[in-house]
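# Reading the structure
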Amino acid sequence: MTQDLATETRALLASLGVDPARLDGGSLAVRSPITGETLAHVRETTLAEADREIGRAAQAFRTWRQVPAPRRGEFVRLLGEELRRAKADLGRLVSIEVGKVLSEGLGEVQEMVDICDFAVGLSRQLQGQCLPSERRDHRLTEQWHPAGPVGVISAFNFPVAVWSWNAALAFVCGDSVIWKPSEKAPLTALAVSALVARACAAFGDEAPDGLATLIIGARDVGEALVNDARVPVISATGSTRMGRDVGERVARRFGKSILELGGNNASIVTPSADLDLTLRAVAFGAMGTAGQRCTTLRRLLVHESVYDALLPKLSAVYAGIKVGDPREEDTLVGPLIDADAFEAMKRALDAARTAGGRVHGGDRIDINGAESFYVRPALVEMTEQVDCVREETFAPILYVLRYSTLEEAIAIQNDVPQGLSSSIFATDVREIEQYLSATGSDCGIANVNMGTSGAEIGGAFGGEKETGGGRESGSDSWKAYMRRQTNAINYGRSLPLAQGVKFDV
Ligand code: UN1
(Lines give C-alpha, C1' and ligand atoms only; values in the text may rest on other atoms or scores of the structure.)
Protein backbone atom coordinates (compact mmCIF):
# COMPACT_ATOMS: atom_id res chain seq x y z
CA MET A 1 0.00 0.00 0.00
CA THR A 2 1.61 3.20 -1.08
CA GLN A 3 -1.18 5.58 -0.23
CA ASP A 4 -0.37 7.91 2.62
CA LEU A 5 -2.91 7.23 5.33
CA ALA A 6 -2.29 10.46 7.22
CA THR A 7 -3.04 12.55 4.13
CA GLU A 8 -6.18 10.59 3.36
CA THR A 9 -7.29 10.88 7.00
CA ARG A 10 -6.89 14.64 6.97
CA ALA A 11 -8.88 14.92 3.76
CA LEU A 12 -11.68 12.82 5.27
CA LEU A 13 -11.69 14.84 8.48
CA ALA A 14 -11.80 18.09 6.50
CA SER A 15 -14.77 16.91 4.46
CA LEU A 16 -16.51 15.86 7.68
CA GLY A 17 -16.02 19.38 9.04
CA VAL A 18 -13.19 18.93 11.56
CA ASP A 19 -10.97 21.96 12.12
CA PRO A 20 -7.44 20.95 10.97
CA ALA A 21 -6.00 22.84 13.96
CA ARG A 22 -7.31 20.01 16.17
CA LEU A 23 -5.03 17.47 14.54
CA ASP A 24 -1.57 18.78 15.42
CA GLY A 25 0.44 19.88 18.39
CA GLY A 26 -1.25 17.68 20.99
CA SER A 27 0.23 14.97 23.19
CA LEU A 28 -2.08 12.15 22.08
CA ALA A 29 -0.54 10.38 19.09
CA VAL A 30 -3.22 8.65 17.03
CA ARG A 31 -2.04 5.65 15.07
CA SER A 32 -3.73 3.62 12.38
CA PRO A 33 -3.55 -0.10 13.13
CA ILE A 34 -3.49 -0.68 9.35
CA THR A 35 0.15 0.36 9.04
CA GLY A 36 1.03 1.61 12.51
CA GLU A 37 1.70 5.08 11.15
CA THR A 38 0.83 8.18 13.11
CA LEU A 39 -2.17 10.08 11.76
CA ALA A 40 -2.38 13.06 14.08
CA HIS A 41 -1.40 14.48 17.46
CA VAL A 42 -4.60 15.43 19.25
CA ARG A 43 -4.67 17.75 22.23
CA GLU A 44 -5.99 16.17 25.41
CA THR A 45 -8.64 17.87 27.51
CA THR A 46 -7.23 19.21 30.77
CA LEU A 47 -9.05 18.58 34.03
CA ALA A 48 -9.99 22.26 34.23
CA GLU A 49 -11.44 22.09 30.72
CA ALA A 50 -13.29 18.86 31.52
CA ASP A 51 -14.84 20.60 34.50
CA ARG A 52 -15.94 23.46 32.23
CA GLU A 53 -17.35 21.08 29.62
CA ILE A 54 -19.39 19.27 32.26
CA GLY A 55 -20.64 22.66 33.44
CA ARG A 56 -21.65 23.54 29.87
CA ALA A 57 -23.49 20.24 29.54
CA ALA A 58 -25.31 20.87 32.83
CA GLN A 59 -26.32 24.31 31.60
CA ALA A 60 -27.48 22.94 28.25
CA PHE A 61 -29.60 20.33 30.03
CA ARG A 62 -31.56 23.04 31.82
CA THR A 63 -32.88 24.42 28.54
CA TRP A 64 -32.95 21.21 26.47
CA ARG A 65 -35.28 19.48 28.94
CA GLN A 66 -37.89 22.16 28.20
CA VAL A 67 -37.89 21.58 24.44
CA PRO A 68 -40.86 19.28 23.66
CA ALA A 69 -39.73 15.70 23.07
CA PRO A 70 -40.97 15.50 19.43
CA ARG A 71 -38.93 18.66 18.70
CA ARG A 72 -35.92 16.98 20.26
CA GLY A 73 -36.70 14.12 17.90
CA GLU A 74 -36.46 16.55 15.00
CA PHE A 75 -32.91 17.37 16.10
CA VAL A 76 -32.04 13.67 16.07
CA ARG A 77 -33.65 13.36 12.64
CA LEU A 78 -31.31 16.08 11.37
CA LEU A 79 -28.36 14.28 12.95
CA GLY A 80 -29.46 11.10 11.16
CA GLU A 81 -29.49 13.06 7.89
CA GLU A 82 -25.93 14.27 8.50
CA LEU A 83 -24.86 10.70 9.20
CA ARG A 84 -26.52 9.43 6.03
CA ARG A 85 -24.66 12.03 4.00
CA ALA A 86 -21.39 11.30 5.78
CA LYS A 87 -21.67 7.51 5.70
CA ALA A 88 -18.99 6.85 3.09
CA ASP A 89 -16.41 9.22 4.64
CA LEU A 90 -17.10 8.36 8.25
CA GLY A 91 -17.17 4.62 7.52
CA ARG A 92 -13.80 4.93 5.82
CA LEU A 93 -12.43 6.93 8.75
CA VAL A 94 -13.61 4.24 11.20
CA SER A 95 -11.82 1.69 9.08
CA ILE A 96 -8.60 3.75 9.09
CA GLU A 97 -8.66 4.59 12.78
CA VAL A 98 -9.49 1.16 14.19
CA GLY A 99 -8.68 -1.21 11.30
CA LYS A 100 -12.12 -2.64 10.53
CA VAL A 101 -12.79 -3.86 7.02
CA LEU A 102 -14.66 -1.22 5.06
CA SER A 103 -18.03 -2.97 5.01
CA GLU A 104 -17.93 -3.13 8.81
CA GLY A 105 -16.90 0.53 9.03
CA LEU A 106 -19.88 1.42 6.86
CA GLY A 107 -22.09 -0.95 8.87
CA GLU A 108 -21.13 0.88 12.02
CA VAL A 109 -22.31 4.19 10.56
CA GLN A 110 -25.50 2.47 9.35
CA GLU A 111 -26.07 1.41 12.96
CA MET A 112 -25.88 5.11 13.90
CA VAL A 113 -28.42 6.03 11.25
CA ASP A 114 -30.70 3.23 12.43
CA ILE A 115 -30.63 4.32 16.07
CA CYS A 116 -31.36 7.91 15.02
CA ASP A 117 -34.43 6.69 13.12
CA PHE A 118 -35.47 4.64 16.13
CA ALA A 119 -35.02 7.62 18.45
CA VAL A 120 -37.06 9.92 16.19
CA GLY A 121 -40.05 7.57 16.54
CA LEU A 122 -39.35 7.19 20.23
CA SER A 123 -39.55 10.95 20.71
CA ARG A 124 -43.34 10.61 20.38
CA GLN A 125 -43.54 7.49 22.52
CA LEU A 126 -41.86 8.25 25.84
CA GLN A 127 -44.91 6.81 27.49
CA GLY A 128 -45.80 6.84 31.12
CA GLN A 129 -48.77 4.90 32.40
CA CYS A 130 -51.98 5.27 34.29
CA LEU A 131 -52.50 2.86 37.17
CA PRO A 132 -55.68 2.07 39.11
CA SER A 133 -55.77 3.99 42.38
CA GLU A 134 -57.20 2.30 45.48
CA ARG A 135 -58.70 5.65 46.55
CA ARG A 136 -61.95 7.16 45.32
CA ASP A 137 -61.59 10.22 43.05
CA HIS A 138 -57.87 9.67 42.69
CA ARG A 139 -55.73 9.15 39.66
CA LEU A 140 -52.39 7.34 39.86
CA THR A 141 -49.96 7.92 37.03
CA GLU A 142 -46.33 7.56 36.18
CA GLN A 143 -44.37 9.84 33.92
CA TRP A 144 -40.79 10.12 32.69
CA HIS A 145 -38.68 13.24 32.93
CA PRO A 146 -35.23 14.00 31.50
CA ALA A 147 -32.48 12.71 33.82
CA GLY A 148 -29.65 15.21 33.28
CA PRO A 149 -26.32 15.20 31.48
CA VAL A 150 -25.33 11.68 30.41
CA GLY A 151 -21.64 10.71 30.38
CA VAL A 152 -20.71 8.26 27.63
CA ILE A 153 -17.41 6.36 27.80
CA SER A 154 -16.83 4.36 24.65
CA ALA A 155 -14.30 1.78 23.51
CA PHE A 156 -12.11 1.64 20.39
CA ASN A 157 -13.89 -1.29 18.75
CA PHE A 158 -17.15 0.52 18.04
CA PRO A 159 -15.75 4.01 18.22
CA VAL A 160 -18.87 5.83 17.02
CA ALA A 161 -21.88 3.48 17.06
CA VAL A 162 -21.86 2.98 20.82
CA TRP A 163 -21.90 6.74 21.37
CA SER A 164 -24.91 6.98 19.08
CA TRP A 165 -26.91 4.25 20.86
CA ASN A 166 -26.56 6.32 23.98
CA ALA A 167 -26.65 9.82 22.55
CA ALA A 168 -29.63 9.43 20.18
CA LEU A 169 -31.74 8.13 23.07
CA ALA A 170 -30.37 10.68 25.54
CA PHE A 171 -31.12 13.59 23.17
CA VAL A 172 -34.77 12.65 22.68
CA CYS A 173 -35.07 11.94 26.40
CA GLY A 174 -34.08 15.58 27.04
CA ASP A 175 -30.52 14.98 28.23
CA SER A 176 -27.25 16.55 27.17
CA VAL A 177 -24.32 14.24 26.44
CA ILE A 178 -20.65 14.37 27.45
CA TRP A 179 -18.51 11.94 25.48
CA LYS A 180 -15.19 10.48 26.54
CA PRO A 181 -14.09 8.33 23.56
CA SER A 182 -11.32 5.75 23.64
CA GLU A 183 -7.83 7.26 23.53
CA LYS A 184 -7.27 4.94 20.57
CA ALA A 185 -10.07 6.54 18.55
CA PRO A 186 -10.35 10.30 19.07
CA LEU A 187 -10.47 11.18 15.35
CA THR A 188 -13.79 9.52 14.64
CA ALA A 189 -15.11 11.23 17.79
CA LEU A 190 -13.97 14.61 16.45
CA ALA A 191 -15.69 13.81 13.15
CA VAL A 192 -18.97 12.86 14.82
CA SER A 193 -18.80 16.01 16.95
CA ALA A 194 -18.47 18.07 13.78
CA LEU A 195 -21.56 16.35 12.36
CA VAL A 196 -23.46 17.08 15.58
CA ALA A 197 -22.45 20.73 15.22
CA ARG A 198 -23.91 20.72 11.71
CA ALA A 199 -27.16 19.21 12.98
CA CYS A 200 -27.27 21.86 15.73
CA ALA A 201 -26.77 24.62 13.16
CA ALA A 202 -29.56 23.20 10.99
CA PHE A 203 -31.85 22.94 14.03
CA GLY A 204 -31.28 26.52 15.10
CA ASP A 205 -31.31 28.33 18.44
CA GLU A 206 -33.30 25.72 20.28
CA ALA A 207 -30.22 23.47 20.44
CA PRO A 208 -28.29 24.88 23.39
CA ASP A 209 -24.57 25.34 23.44
CA GLY A 210 -23.09 22.34 25.27
CA LEU A 211 -25.79 19.86 24.19
CA ALA A 212 -23.07 17.46 23.00
CA THR A 213 -19.57 17.89 24.40
CA LEU A 214 -16.38 15.94 23.93
CA ILE A 215 -13.58 15.34 26.39
CA ILE A 216 -10.49 13.59 25.07
CA GLY A 217 -7.86 12.05 27.25
CA ALA A 218 -6.67 9.34 29.53
CA ARG A 219 -8.00 7.83 32.70
CA ASP A 220 -7.90 11.03 34.79
CA VAL A 221 -10.38 12.78 32.48
CA GLY A 222 -12.65 9.73 32.54
CA GLU A 223 -12.47 9.64 36.33
CA ALA A 224 -13.39 13.30 36.57
CA LEU A 225 -16.51 12.58 34.52
CA VAL A 226 -17.41 9.47 36.49
CA ASN A 227 -16.98 11.20 39.85
CA ASP A 228 -18.97 14.30 38.95
CA ALA A 229 -22.34 14.53 40.71
CA ARG A 230 -23.63 16.87 37.97
CA VAL A 231 -23.76 13.78 35.73
CA PRO A 232 -26.53 11.48 37.01
CA VAL A 233 -26.09 8.81 34.34
CA ILE A 234 -22.83 7.24 33.19
CA SER A 235 -22.88 4.77 30.33
CA ALA A 236 -19.58 2.93 30.00
CA THR A 237 -18.46 0.35 27.47
CA GLY A 238 -15.18 -1.50 27.87
CA SER A 239 -13.42 -4.04 30.05
CA THR A 240 -14.88 -5.56 33.18
CA ARG A 241 -11.98 -4.08 35.15
CA MET A 242 -12.85 -0.58 33.97
CA GLY A 243 -16.57 -1.16 34.52
CA ARG A 244 -16.12 -2.38 38.07
CA ASP A 245 -14.27 0.83 38.90
CA VAL A 246 -16.83 3.02 37.13
CA GLY A 247 -19.77 1.19 38.71
CA GLU A 248 -18.34 1.60 42.22
CA ARG A 249 -17.59 5.27 41.78
CA VAL A 250 -20.99 6.09 40.32
CA ALA A 251 -22.81 4.04 42.97
CA ARG A 252 -20.92 5.82 45.75
CA ARG A 253 -22.49 9.10 44.69
CA PHE A 254 -25.87 7.42 43.95
CA GLY A 255 -25.64 8.02 40.23
CA LYS A 256 -26.91 5.43 37.76
CA SER A 257 -24.61 3.48 35.53
CA ILE A 258 -25.27 1.62 32.33
CA LEU A 259 -22.43 -0.87 31.98
CA GLU A 260 -21.66 -2.83 28.84
CA LEU A 261 -18.52 -4.80 29.64
CA GLY A 262 -16.79 -8.03 28.73
CA GLY A 263 -18.36 -10.93 26.91
CA ASN A 264 -17.28 -14.55 26.62
CA ASN A 265 -19.87 -15.62 24.16
CA ALA A 266 -20.62 -19.22 23.27
CA SER A 267 -22.55 -21.02 20.57
CA ILE A 268 -23.86 -24.55 20.90
CA VAL A 269 -23.91 -26.73 17.80
CA THR A 270 -26.50 -29.45 18.32
CA PRO A 271 -27.02 -32.70 16.38
CA SER A 272 -29.90 -31.14 14.40
CA ALA A 273 -27.89 -28.06 13.28
CA ASP A 274 -27.72 -27.01 9.63
CA LEU A 275 -23.96 -27.31 9.35
CA ASP A 276 -23.45 -25.11 6.29
CA LEU A 277 -25.30 -22.23 7.90
CA THR A 278 -23.46 -22.92 11.17
CA LEU A 279 -20.10 -22.73 9.45
CA ARG A 280 -20.83 -19.31 7.92
CA ALA A 281 -22.27 -17.94 11.14
CA VAL A 282 -19.33 -19.16 13.21
CA ALA A 283 -16.85 -17.64 10.76
CA PHE A 284 -18.43 -14.18 11.00
CA GLY A 285 -19.04 -14.42 14.74
CA ALA A 286 -15.53 -15.51 15.65
CA MET A 287 -13.38 -13.76 13.04
CA GLY A 288 -15.38 -10.64 12.13
CA THR A 289 -13.80 -7.39 13.36
CA ALA A 290 -10.68 -9.54 13.97
CA GLY A 291 -12.33 -10.94 17.10
CA GLN A 292 -12.56 -7.48 18.67
CA ARG A 293 -16.28 -7.18 19.35
CA CYS A 294 -17.68 -7.60 22.82
CA THR A 295 -20.13 -9.96 21.10
CA THR A 296 -17.41 -11.97 19.31
CA LEU A 297 -17.93 -15.73 19.40
CA ARG A 298 -15.22 -17.05 21.73
CA ARG A 299 -16.37 -20.57 22.59
CA LEU A 300 -17.93 -23.21 20.34
CA LEU A 301 -19.57 -26.15 22.08
CA VAL A 302 -20.07 -28.93 19.55
CA HIS A 303 -22.10 -32.09 20.06
CA GLU A 304 -19.93 -35.21 19.85
CA SER A 305 -22.01 -36.58 16.95
CA VAL A 306 -21.21 -33.63 14.67
CA TYR A 307 -17.76 -32.64 15.94
CA ASP A 308 -15.80 -34.67 13.39
CA ALA A 309 -17.96 -33.42 10.52
CA LEU A 310 -17.69 -29.75 11.51
CA LEU A 311 -14.10 -29.36 12.68
CA PRO A 312 -12.23 -30.12 9.43
CA LYS A 313 -14.51 -27.73 7.54
CA LEU A 314 -14.05 -25.03 10.14
CA SER A 315 -10.26 -25.51 10.12
CA ALA A 316 -10.29 -25.10 6.34
CA VAL A 317 -12.23 -21.82 6.60
CA TYR A 318 -9.78 -20.57 9.25
CA ALA A 319 -6.77 -21.50 7.14
CA GLY A 320 -8.17 -19.88 4.01
CA ILE A 321 -9.81 -16.68 5.23
CA LYS A 322 -8.20 -13.54 3.86
CA VAL A 323 -6.33 -11.64 6.54
CA GLY A 324 -5.02 -8.36 5.20
CA ASP A 325 -5.13 -4.66 4.73
CA PRO A 326 -8.76 -3.66 5.40
CA ARG A 327 -8.64 -1.24 2.49
CA GLU A 328 -8.52 -4.21 0.11
CA GLU A 329 -11.97 -5.28 -0.88
CA ASP A 330 -11.65 -9.02 -0.38
CA THR A 331 -10.09 -8.76 3.10
CA LEU A 332 -12.30 -10.22 5.81
CA VAL A 333 -9.95 -9.95 8.80
CA GLY A 334 -8.03 -6.73 9.41
CA PRO A 335 -5.35 -5.97 12.00
CA LEU A 336 -5.48 -6.09 15.78
CA ILE A 337 -5.68 -2.65 17.31
CA ASP A 338 -2.09 -2.59 18.68
CA ALA A 339 0.92 -4.43 20.06
CA ASP A 340 -0.74 -4.94 23.45
CA ALA A 341 -3.64 -6.77 21.80
CA PHE A 342 -1.18 -9.02 20.00
CA GLU A 343 0.73 -9.76 23.22
CA ALA A 344 -2.54 -10.61 25.01
CA MET A 345 -3.43 -13.02 22.21
CA LYS A 346 -0.01 -14.69 22.43
CA ARG A 347 -0.31 -15.06 26.19
CA ALA A 348 -3.78 -16.62 25.89
CA LEU A 349 -2.60 -19.11 23.27
CA ASP A 350 0.43 -20.07 25.39
CA ALA A 351 -1.85 -20.65 28.36
CA ALA A 352 -4.18 -22.78 26.21
CA ARG A 353 -1.25 -24.89 24.99
CA THR A 354 -0.03 -25.38 28.54
CA ALA A 355 -3.52 -26.54 29.50
CA GLY A 356 -3.43 -29.17 26.74
CA GLY A 357 -5.19 -27.23 23.97
CA ARG A 358 -4.46 -27.94 20.28
CA VAL A 359 -3.90 -24.59 18.60
CA HIS A 360 -4.49 -24.14 14.87
CA GLY A 361 -3.43 -20.74 13.47
CA GLY A 362 -2.75 -17.73 15.64
CA ASP A 363 0.52 -16.74 13.95
CA ARG A 364 1.46 -13.20 13.15
CA ILE A 365 1.45 -12.32 9.45
CA ASP A 366 3.54 -9.51 7.99
CA ILE A 367 1.15 -7.44 5.88
CA ASN A 368 2.23 -3.83 6.38
CA GLY A 369 5.46 -4.01 8.35
CA ALA A 370 6.59 -4.23 11.96
CA GLU A 371 4.33 -1.53 13.40
CA SER A 372 1.06 -3.28 12.54
CA PHE A 373 -0.28 -6.52 13.98
CA TYR A 374 -2.05 -8.93 11.70
CA VAL A 375 -2.74 -12.49 12.83
CA ARG A 376 -4.25 -15.63 11.41
CA PRO A 377 -7.32 -16.29 13.59
CA ALA A 378 -6.84 -19.18 15.98
CA LEU A 379 -8.97 -22.24 16.50
CA VAL A 380 -8.14 -24.01 19.75
CA GLU A 381 -9.44 -27.48 20.54
CA MET A 382 -9.80 -27.91 24.29
CA THR A 383 -10.77 -31.00 26.26
CA GLU A 384 -12.22 -28.93 29.09
CA GLN A 385 -13.12 -25.37 29.98
CA VAL A 386 -9.97 -24.35 31.87
CA ASP A 387 -9.31 -20.90 33.36
CA CYS A 388 -7.89 -19.27 30.22
CA VAL A 389 -11.11 -20.16 28.37
CA ARG A 390 -13.15 -18.42 31.04
CA GLU A 391 -11.32 -15.14 30.38
CA GLU A 392 -12.14 -12.73 27.59
CA THR A 393 -9.16 -12.12 25.31
CA PHE A 394 -9.96 -9.39 22.80
CA ALA A 395 -8.54 -11.22 19.80
CA PRO A 396 -9.67 -13.82 17.24
CA ILE A 397 -9.38 -16.98 19.33
CA LEU A 398 -12.16 -19.56 19.19
CA TYR A 399 -12.02 -22.34 21.78
CA VAL A 400 -13.81 -25.50 20.68
CA LEU A 401 -15.15 -28.07 23.13
CA ARG A 402 -17.16 -31.29 22.76
CA TYR A 403 -20.31 -32.06 24.70
CA SER A 404 -22.73 -34.95 24.92
CA THR A 405 -26.01 -33.61 26.38
CA LEU A 406 -27.68 -30.23 25.96
CA GLU A 407 -27.80 -29.79 29.76
CA GLU A 408 -24.05 -30.24 29.85
CA ALA A 409 -23.56 -27.74 27.00
CA ILE A 410 -25.75 -25.13 28.71
CA ALA A 411 -23.84 -25.66 31.96
CA ILE A 412 -20.50 -25.14 30.21
CA GLN A 413 -21.83 -22.11 28.36
CA ASN A 414 -23.04 -20.46 31.55
CA ASP A 415 -20.00 -21.40 33.63
CA VAL A 416 -18.07 -18.18 32.89
CA PRO A 417 -18.13 -14.84 34.72
CA GLN A 418 -19.53 -12.96 31.71
CA GLY A 419 -23.09 -13.04 30.31
CA LEU A 420 -23.43 -10.97 27.15
CA SER A 421 -24.34 -13.04 24.11
CA SER A 422 -24.97 -16.65 23.16
CA SER A 423 -26.54 -18.79 20.47
CA ILE A 424 -27.70 -22.26 19.54
CA PHE A 425 -27.62 -23.96 16.15
CA ALA A 426 -30.53 -26.38 15.98
CA THR A 427 -33.65 -27.33 14.07
CA ASP A 428 -35.05 -29.43 16.93
CA VAL A 429 -37.69 -27.20 18.48
CA ARG A 430 -37.40 -28.88 21.88
CA GLU A 431 -33.70 -28.14 22.15
CA ILE A 432 -34.23 -24.56 20.95
CA GLU A 433 -36.96 -23.86 23.48
CA GLN A 434 -35.02 -25.48 26.31
CA TYR A 435 -32.10 -23.22 25.45
CA LEU A 436 -34.30 -20.11 25.51
CA SER A 437 -36.11 -21.09 28.72
CA ALA A 438 -35.34 -19.97 32.27
CA THR A 439 -33.00 -22.96 32.63
CA GLY A 440 -31.19 -22.20 29.38
CA SER A 441 -28.79 -19.44 28.39
CA ASP A 442 -28.06 -16.94 31.19
CA CYS A 443 -27.01 -14.19 28.77
CA GLY A 444 -28.61 -10.86 27.86
CA ILE A 445 -28.72 -12.03 24.24
CA ALA A 446 -29.62 -15.57 23.15
CA ASN A 447 -29.90 -16.21 19.41
CA VAL A 448 -31.06 -19.14 17.33
CA ASN A 449 -29.33 -20.23 14.12
CA MET A 450 -27.03 -17.27 13.99
CA GLY A 451 -23.85 -16.19 15.70
CA THR A 452 -23.44 -14.17 18.86
CA SER A 453 -22.51 -10.85 17.24
CA GLY A 454 -24.16 -8.41 14.89
CA ALA A 455 -27.21 -7.44 16.94
CA GLU A 456 -29.77 -5.04 15.45
CA ILE A 457 -30.48 -1.77 17.27
CA GLY A 458 -34.17 -2.56 17.82
CA GLY A 459 -33.52 -4.93 20.72
CA ALA A 460 -32.10 -4.03 24.12
CA PHE A 461 -28.35 -4.60 24.02
CA GLY A 462 -26.35 -5.75 27.04
CA GLY A 463 -25.76 -8.64 29.36
CA GLU A 464 -25.69 -10.12 32.82
CA LYS A 465 -23.08 -10.97 35.45
CA GLU A 466 -19.70 -9.33 34.80
CA THR A 467 -21.04 -7.88 31.56
CA GLY A 468 -22.52 -5.29 33.87
CA GLY A 469 -26.30 -5.57 33.52
CA GLY A 470 -26.83 -2.40 31.49
CA ARG A 471 -29.10 -2.19 28.46
CA GLU A 472 -28.60 0.22 25.59
CA SER A 473 -30.17 0.82 22.21
CA GLY A 474 -33.68 -0.51 21.46
CA SER A 475 -36.75 -1.82 23.30
CA ASP A 476 -37.33 0.18 26.49
CA SER A 477 -33.65 0.94 27.15
CA TRP A 478 -34.59 4.64 26.96
CA LYS A 479 -35.91 4.43 30.51
CA ALA A 480 -32.34 4.42 31.83
CA TYR A 481 -31.88 7.93 30.40
CA MET A 482 -34.88 9.39 32.21
CA ARG A 483 -36.14 9.67 35.75
CA ARG A 484 -39.43 8.12 36.75
CA GLN A 485 -42.02 10.08 38.66
CA THR A 486 -45.15 8.64 40.26
CA ASN A 487 -48.06 11.07 40.53
CA ALA A 488 -51.09 10.51 42.77
CA ILE A 489 -53.76 13.13 42.07
CA ASN A 490 -56.77 13.70 44.31
CA TYR A 491 -59.60 15.38 42.39
CA GLY A 492 -62.22 14.82 45.13
CA ARG A 493 -63.18 16.85 48.17
CA SER A 494 -62.22 14.34 50.83
CA LEU A 495 -58.83 13.04 51.84
CA PRO A 496 -58.91 9.24 51.99
CA LEU A 497 -55.56 7.79 53.07
CA ALA A 498 -54.06 4.74 51.44
CA GLN A 499 -54.23 1.42 53.28
CA GLY A 500 -57.34 2.71 55.11
CA VAL A 501 -55.27 4.68 57.62
CA LYS A 502 -57.27 7.20 59.71
CA PHE A 503 -55.71 10.50 60.74
CA ASP A 504 -58.57 12.91 61.49
CA VAL A 505 -57.53 16.24 62.92
C1 UN1 B 1 -19.43 -4.00 20.95
O2 UN1 B 1 -18.63 -4.83 20.52
O3 UN1 B 1 -19.10 -3.24 21.90
O4 UN1 B 1 -23.90 -6.84 18.20
C5 UN1 B 1 -20.76 -3.77 20.39
C6 UN1 B 1 -22.86 -6.41 17.68
C7 UN1 B 1 -22.77 -4.94 17.37
C8 UN1 B 1 -22.34 -4.19 18.56
C9 UN1 B 1 -21.13 -4.68 19.26
N10 UN1 B 1 -24.05 -4.47 16.91
O11 UN1 B 1 -21.94 -7.14 17.41
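The sections below set out a description of the structure shown in this document.

For the pair helix H1 (residues 5-15) and helix H3 (residues 69-98), interaxial distance at closest approach is 10 Å and the crossing angle is 145°. By crossing handedness, the relation of H1 to H3 is classed as left-handed. On H3, the residues that touch Leu5, Thr9, Leu12 and Ser15 of H1 are Asp89, Arg92, Leu93 and Ile96. Residues that form the contact of H1 with H3 fall into these classes: four nonpolar, two polar and two charged.

The next point concerns helix H13 (residues 406-414). Leu406, Ala409, Ile410 and Gln413 are the residues of H13 that are buried. Each buried residue of H13 sits inside an arc of 100° when the element is viewed along its axis, so together they form one side. Turning to H13, the residues buried within the fold contact strand S10 (265-269), strand S11 (297-303), strand S16 (397-403), strand S18 (421-425) and helix H14 (429-436).

So, on to the nonpolar core. Among soluble globular proteins, nonpolar side chains are generally buried collectively. In this structure, Cys116, Ala119, Ala168, Ala191 and Tyr481 are the most contacted members of the largest nonpolar core, which totals 147 residues. Those residues in contact with Ala119 that sit more than four places away from it in its chain are Gly73, Val76, Ala168, Leu169, Phe171 and Val172.

Moving on, we get to the site of the ligand. All residues adjacent to the ligand are Asn157, Phe158, Val162, Thr237, Arg293, Cys294, Thr295, Ser453, Gly454 and Ala455. Residues of the shell around the ligand, tallied by class, amount to four nonpolar, five polar and one charged.

Between two packed helices, what matters for the description is the angle formed by their axes and the separation of those axes. Direction vectors running N to C along H3 and helix H4 (residues 102-122) enclose 175°, while the axes themselves pass 8 Å from each other. With respect to their mutual orientation, H3 and H4 come out roughly antiparallel. The residue inventory of the contact of H3 with H4, partitioned by class, reads 13 nonpolar, six polar and six charged.

Reading guide: rules and limits
Residues numbered from 1 in each chain as written. Predicted model: local features only at pLDDT ≥ 70, side-chain atom pairs only at ≥ 80, totals over all residues. Axes fitted to C-alpha atoms, helices over the stretch in contact; angles between N-to-C directions. Helix = DSSP H or I, 4+ residues; strand = E, 2+ residues; numbered from the N terminus. Left-handed = near helix turned anticlockwise from the far one by under 90°. Contact = placed C-beta atoms within 7 Å. Nonpolar A, V, L, I, M, F, W, Y, C, P; charged D, E, K, R; others polar. Buried ≥ 20, exposed ≤ 12 C-beta atoms within 10 Å, placed from the backbone. Arc of directions from axis to C-beta. Core = buried A, V, L, I, M, F, W, Y, C linked by C-beta atoms within 7 Å. Near = placed C-beta within 6 Å. Parallel < 35°, antiparallel > 145°, perpendicular 65-115°, else oblique.

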